[in-house]
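What follows is each chain in one-letter form.
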There are 2 protein chains.
Amino acid sequence: MQQLEQIISSLRDEGLRITPQRIAIVDYLLKTEDHPSAELIHKVVRKRYPMVSLSTVYKTLDLLKEKKLVNEIEVEGEARFDAHTDEHINLICMKCGKIDDIDEEYLKEIQVKAAKKSKYLILKSNFELHGYCNSCKSKTKSI
Amino acid sequence: MQQLEQIISSLRDEGLRITPQRIAIVDYLLKTEDHPSAELIHKVVRKRYPMVSLSTVYKTLDLLKEKKLVNEIEVEGEARFDAHTDEHINLICMKCGKIDDIDEEYLKEIQVKAAKKSKYLILKSNFELHGYCNSCKSKTKSI
DNA sequence: ATATTATTAGGAATAATTCCTAATTAAGTG
DNA sequence: CACTTAATTAGGAATTATTCCTAATAATAT
């Protein structure tokens, strides 16, 4: 897990400017367990910095993705973001839309094996399992 | 790998109508190694059935997804489709956009383990590795 | 303090997908 | 085979997440 200060100084080291908008976005992503959409990030960040625009949120997310400081997955035509960037499994609830992370050490090995076999140069991985979370699953049963 | 006849009769058994549009779309998906987008499917199918509309392609794909006869993955804001529906890894080239499949037997085990740990009911999985394919990789090097 | 230049706000433009409806047609029935 | 009816389709309009554009703003170096 990254710290806000680390990320900020790594951005500064690359000659990028540290703006309140960027700080607020990174701060929120580090603190939340959610995998928020751009719009949700915008809504949340706006509470403290009302002038932040949605286009700035998108631009900042692009920047953070490029620097590998956040991870993006697409769920039902919408991008969802996460500061948890090491290999893991994303569990996606098809009912309530929540996303949980699970670590699985064998993923790295699978990736290396697939890279060798396919001769691809792998730059990013994304392991998704879609279904119903524990709470939505039981709600269904009781109907 | 499914056969066209199997799929058609399974659709018919559910009371669905067998139309030339549906046959053409399923037939193409079964024959191709590509992971075509809806638009590409439309273009290809149109050559033989010029009257097929894009909205019918989308509707048919929805139907086939629901019946678990095709798999969908989203790449750069665009859905890509594949008749290869058992667990596998999708290798996605970030340069040319091609997608290769690789089998990996341990995926099933990982999925079961994650389901147990998370208490999710898993309905669908999607394992993606993004990077450069062998050919795009070497092109980059030579620049 | 000032100059420079990256960044931002805000809205317009884009593009994949979904939605809508009248026309068509697959398939069951006598 | 002709007829019925309800599913399916074509075509285009509507939707929506994201990208693009540009003048205004503000972070940073000097």
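Residues numbered from 1 in each chain as written. Chains lettered and ligands numbered in written order. Predicted model: local features only at pLDDT ≥ 70, side-chain atom pairs only at ≥ 80, totals over all residues. Heavy atoms only, no water.

Q: Please give an account of the protein's contact with DNA strand D that cites residues and values.
A: DNA strand D sits among 20 residues. The nearest are Ile18 and Tyr58 of chain A together with Thr19, Met51 and Thr56 of chain B. One nitrogen or oxygen atom from the side chain of Arg17 of chain A is found 3.3 Å from a base nitrogen belonging to DNA strand D. At a separation of 2.6 Å, a phosphate oxygen of DNA strand D approaches a polar backbone atom of Met51 of chain B. Sorting the residues of the surface near DNA strand D by element identifies helix H4 (54-66) and strand E2 (78-82) of chain A together with helix H2 (20-31) and helix H4 (54-66) of chain B as the ones contributing at least two each. A total of 3 residues in the surface near DNA strand D trace back to one element, the largest contributor, which is H4 of chain B. Of the residues belonging to the surface near DNA strand D, the class tally is 7 nonpolar, 7 polar and 6 charged. (Near = heavy atom within 4 Å. Polar contact = N/O pair within 3.5 Å; in protein donor to acceptor, adjacent residues only side chain to side chain. Helix = DSSP H or I, 4+ residues; strand = E, 2+ residues; numbered from the N terminus. Nonpolar A, V, L, I, M, F, W, Y, C, P; charged D, E, K, R; others polar.)

Q: Go over a nonpolar patch on the surface with me, naming the residues and quoting the values.
A: A contiguous nonpolar surface patch, about 230 Å² in accessible area, is contributed by Met94 of chain A together with Leu121 and Leu123 of chain B. With respect to the helices and strands, the residue Met94 of chain A is situated in the loop between strand E3 (89-93) and strand E4 (99-102). (Patch = residues over 30% accessible without salt bridge, like charges linked within 9 Å, V, L, I, M, F, W, Y side chains within 5 Å. Areas by Shrake-Rupley, 256 points an atom, 1.4 Å probe, with all protein chains shown as cover. Salt bridge = Lys/Arg side-chain N within 4 Å of Asp/Glu carboxyl O.)

Q: Before we move on, could you go through the relation of the copies chain A and chain B and cite the residues and values that matter?
A: Between chain A and chain B, which share one sequence, the superposing operator has a rotation angle of 180° and an axial displacement of 0.0 Å; the RMSD is 0.1 Å. What the superposition gives is, in effect, a two-fold axis relating one chain to the other. Minimal C-alpha distance to the rotation axis in chain A is attained by Phe127 of chain A, lying at 2.3 Å. Mapped onto chain B, 100% of the interface residues of chain A are again interface residues, and the two copies thus contact each other with one and the same surface. (Least-squares fit on C-alpha atoms with pLDDT ≥ 70 in both. Contact = heavy atoms within 4.5 Å.)

Q: Outline the interface of chain A and chain B, supporting the account with residue identities and numerical values.
A: The interface of chain A with chain B comprises 38 residues on the first partner and 38 residues on the second. A buried area of about 3,300 Å², summed over both sides, lies between chain A and chain B, and 64% of it is on carbon and sulfur atoms. On the chain A side of the interface with chain B, the three residues burying the most area are Glu74, Tyr120 and Leu129 of chain A, jointly 20% of the side's total. On inspection of chain A and its partner chain B, the count reaches 2 salt bridges. Two residues, Glu104 of chain B and Lys113 of chain A, come together in a salt bridge whose shortest N-O distance is 2.9 Å. Between the two partners, chain A and chain B, sit 18 residue pairs in polar contact (both at pLDDT 80 or more). Secondary structure elements with two or more residues in the side of chain A that touches chain B: E3, E4, helix H5 (106-118), strand E5 (121-132) and helix H6 (134-141) of chain A. Here the side of chain A that touches chain B takes 12 residues from E5 of chain A, the largest share from any one element. Residues that form the side of chain A that touches chain B fall into these classes: 18 nonpolar, 8 polar and 12 charged. By the bridge criterion, 11 bridges tie E5 of chain A to strand E5 (residues 121-132) of chain B in an arrangement that is antiparallel. (Buried area = accessible area lost by both parts, 1.4 Å probe. Pairing = 2+ DSSP bridges.)

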